[in-house]
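Chains, contacts and geometry: an overview
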Amino acid sequence: DTAVSQTPKYLVTQMGNDKSIKCEQNLGHDTMYWYKQDSKKFLKIMFSYNNKELIINETVPNRFSPKSPDKAHLNLHINSLELGDSAVYFCASSQDKGYNEQFFGPGTRLTVL
Amino acid sequence: AQSVSQHNHHVILSEAASLELGCNYSYGGTVNLFWYVQYPGQHLQLLLKYFSGDPLVKGIKGFEAEFIKSKFSFNLRKPSVQWSDTAEYFCAVNDRNQGGKLIFGQGTELSVKP
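Residues numbered from 1 in each chain as written. Chains lettered and ligands numbered in written order. Predicted model: local features only at pLDDT ≥ 70, side-chain atom pairs only at ≥ 80, totals over all residues. Heavy atoms only, no water.

Considering the interface of chain A and chain B
In this complex, chain A contributes 22 residues to the contact, which on the side of chain B involves 22 residues. The largest contributions to the chain A side of the interface with chain B come from Tyr99(A), Glu101(A) and Phe104(A), which together make up 33% of the buried area. Applying the counting criterion to the chain A and chain B interface returns five residue pairs in polar contact (both at pLDDT 80 or more). When contributions to the side of chain A that touches chain B are tallied by element, the ones reaching two or more residues are β4 (31-37), β5 (43-50) and β6 (53-57) of chain A. When its residues are assigned to classes, the side of chain A that touches chain B shows eleven nonpolar, six polar and five charged. (Contact = heavy atoms within 4.5 Å. Buried area = accessible area lost by both parts, 1.4 Å probe. Polar contact = N/O pair within 3.5 Å; in protein donor to acceptor, adjacent residues only side chain to side chain. Helix = DSSP H or I, 4+ residues; strand = E, 2+ residues; numbered from the N terminus. Nonpolar A, V, L, I, M, F, W, Y, C, P; charged D, E, K, R; others polar.)

What about the pairing of β6(A)?
In the case of a regular strand, side chains alternate between the two sheet surfaces. Residues and elements named next belong to chain A. Where β5 and β6 come together, four bridges link them in antiparallel fashion. Residue pairing across strands places Ser48 opposite Ile56, the latter belonging to β6. As consecutive antiparallel partners, β5 and β6 are separated by two residues, and within that stretch Asn51 has a phi angle of approximately 50°, a positive value. (Pairing = 2+ DSSP bridges.)

So, the packing of aromatic side chains
On inspection of all chains with the given rule, the structure shows 13 aromatic pairs over all chains. Between Tyr25(B) and Phe72(B), the ring centres sit 5.5 Å apart and the planes meet at 75°, which makes this aromatic pair edge-to-face. Of this pair, Tyr25(B) sits in strand β4 (residues 23-26) while Phe72(B) sits in the loop between β8 (64-68) and β9 (73-78), and the two are 47 residues apart along the sequence. Taken together, the ring pairs connect Tyr33(A), Tyr35(A), Phe104(A), Phe34(B), Tyr36(B), Phe51(B), Phe90(B) and Phe104(B) into an aromatic cluster. (Phe/Tyr/Trp six-rings, centres within 6.5 Å; stacked < 30°, edge-to-face > 60°.)

A short note on unusual backbone geometry
Along the chain, Thr7(A) connects to Pro8(A) via a cis peptide bond; the corresponding omega equals -5°. Tracing the chain through its elements places Pro8(A) in the loop between β1 (4-7) and β2 (10-13). A positive phi angle, near 70°, is found at Lys41(A), a position not held by glycine. Unlike most non-glycine residues, Lys61(B) shows phi in positive territory, near 60°. Looking at the element boundaries, Lys61(B) is found in the loop between β7 (56-58) and β8.

Structure, rendered in structure tokens:
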């Protein structure tokens, strides 16, 4: 059973489009995260939700909007995609607001043309 | 601001060689420390973690790391690498008071020659 799953795995789209990435975890964790990995493999946190409440919001353009319908799901919606949004996006989850280790999903490779 | 620095961008070793990857962080508070590994085309997996206690921690696949508080370091070691250890290795710091935000180092690409 996959602990943290993401869909889609690959996403190729044109500039200006709107797209969503979905994330689900079946670990019973209360905190979920979105990270962006750029072309140099550098990982940076974007958002974190704890029990559906936003607790971390890094300096991310407001074209990015996370949504957490319940504590097992954290989706990422991106409006007006730009070339610079091309990256691998990882979802993660943990217990206790990240005091413990975070479990990562397989990633979504987004390519904006 | 917190930061994590990994000394080596790319390390190339032959099988059976010993490995040490450096990691330093800048933060004066109480932190949790992690090493994650990313095999080619895969997601991040936890190698080991340090929260408190014995500063020498053992992880999976024969990896270990030593936390030296005075040096703000958390170096990763393995006595004898295998070809299957070829991967990207990330050191990360988690400030217990900042909602679990993981700050990652730049990553070290390890290539092991058979």
